[in-house]
Amino acid sequence: MENIRTEGIDFSLKGDDMQLVEVELDPGEGVRAEAGTMLYMSDGIEMQTDTGGGMFKGFKRMVSGESFFITTFTYSGPAKGQVAFAAPYPGKIVPVDLSQHDGFLCQKDAFLCADQDVDVEVAFSKKLGAGLFGGEGFILQRLTGNGWAFVHAGGTIVERKLEPGQTLRVDTGCVAAFSGTVDYDINFVGGFKNALFGGEGVFLAKLTGPGTVYLQSLPFARLADRIVAGQFANRGESRGVGGSGVLGDLFGGDEV
């Protein structure tokens, strides 16, 4: 992808299924990023790690499972500097121009980096249903400001623009990010058979416009579950009933 020139930071997205974003900074410009996401940086880039707005914000981030600290990368060289941030698992990076939105909300692990003027804070769902049954939707990240922010989501990304009053029901884990104007709630999936055998979960997220919604086809939690399930299945297949694997241990089998 070619470099995108904006009034703020300039950036380019590189890669396909394991993307990174390279940010080009003028002297004095900076970018904030989640701790541990930096891939490389050129000479003249200076790092400053802090709580991102005081001890209270740091503790809120820590309670939500995020890092206590956030790192700011500022360029102090003569020409232009580059710093790149990598996605933590397969998926896509979504650039969001916050000047076009009244804030933006994303899943707690989705934030990657943003313009230094963007404020990153933890937001808790205000609705009881979303808080109790929303899966990963209870703790969100709120991005506010007039700069660019970059959100990572798993698998394929689908962008939907909702008109006022238009609703969309989605698997709770597949909601990656949405505009601050979008109303977020949780609906119960009716029907006994749907709840027991539907395979899609008992609750769905209900998103009501206006605003923009980004959906992800492969949430990290679903990917982790498949890896763990496959790991246990492979152990049973490779060891066998008479071996020293899980089944072998249950039946007291000896190694051949």
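(A) Structural view of the overall build of the protein. A tally of regular secondary structure across the protein gives 5 helices and 19 strands. Across the protein, contacts joining residues at least 24 apart in sequence account for 74% of those joining residues at least 6 apart. Total accessible area on the protein is roughly 13,300 Å²; 55% of this is exposed by carbon and sulfur atoms.

(B) Seen up close, the sheet that holds strand β13 (residues 148–154). Overall, antiparallel pairing links the 6 strands, which are arranged β5-β6-β3-β10-β13-β8 in an open sheet. If you trace the sheet from one side to the other, it starts and ends with β5 (45–50) and β8 (91–97), each paired once. Put simply, the sheet's adjacent strands are angled 20° from each other on average, direction ignored. Sheet topology note: the strand β3 (residues 30–34)/strand β10 (residues 111–115) ladder contains 3 bridges and is antiparallel. Counterpart to R32 in the pairing with β10 is A114.

(C) Expanded view of the side chain of Q19. For Q19, the position within the fold is in the loop between β1 (10–14) and β2 (20–25). What makes Q19 buried here is its relative accessible area of 11%. Reaching out from Q19, the side chain makes a polar contact with the backbone oxygen of G15 at a distance of 3.5 Å. A polar contact is formed between the side chain of Q19 and the backbone nitrogen of I93, at a distance of 2.7 Å. With residues near it in sequence (within four places) discarded, Q19 still touches K14, A86, A87, G91, K92 and I93.

Reading the values: the criteria
- Residues numbered from 1 in each chain as written.
- Predicted model: local features only at pLDDT ≥ 70, side-chain atom pairs only at ≥ 80, totals over all residues.
- Heavy atoms only, no water.
- Helix = DSSP H or I, 4+ residues; strand = E, 2+ residues; numbered from the N terminus.
- Contact = heavy atoms within 4.5 Å.
- Areas by Shrake-Rupley, 256 points an atom, 1.4 Å probe, with all protein chains shown as cover.
- Pairing = 2+ DSSP bridges.
- Axes fitted to C-alpha atoms, helices over the stretch in contact; angles between N-to-C directions.
- Buried < 20%, exposed > 50% of the residue type's maximum accessible area, 1.4 Å probe, protein only.
- Polar contact = N/O pair within 3.5 Å; in protein donor to acceptor, adjacent residues only side chain to side chain.

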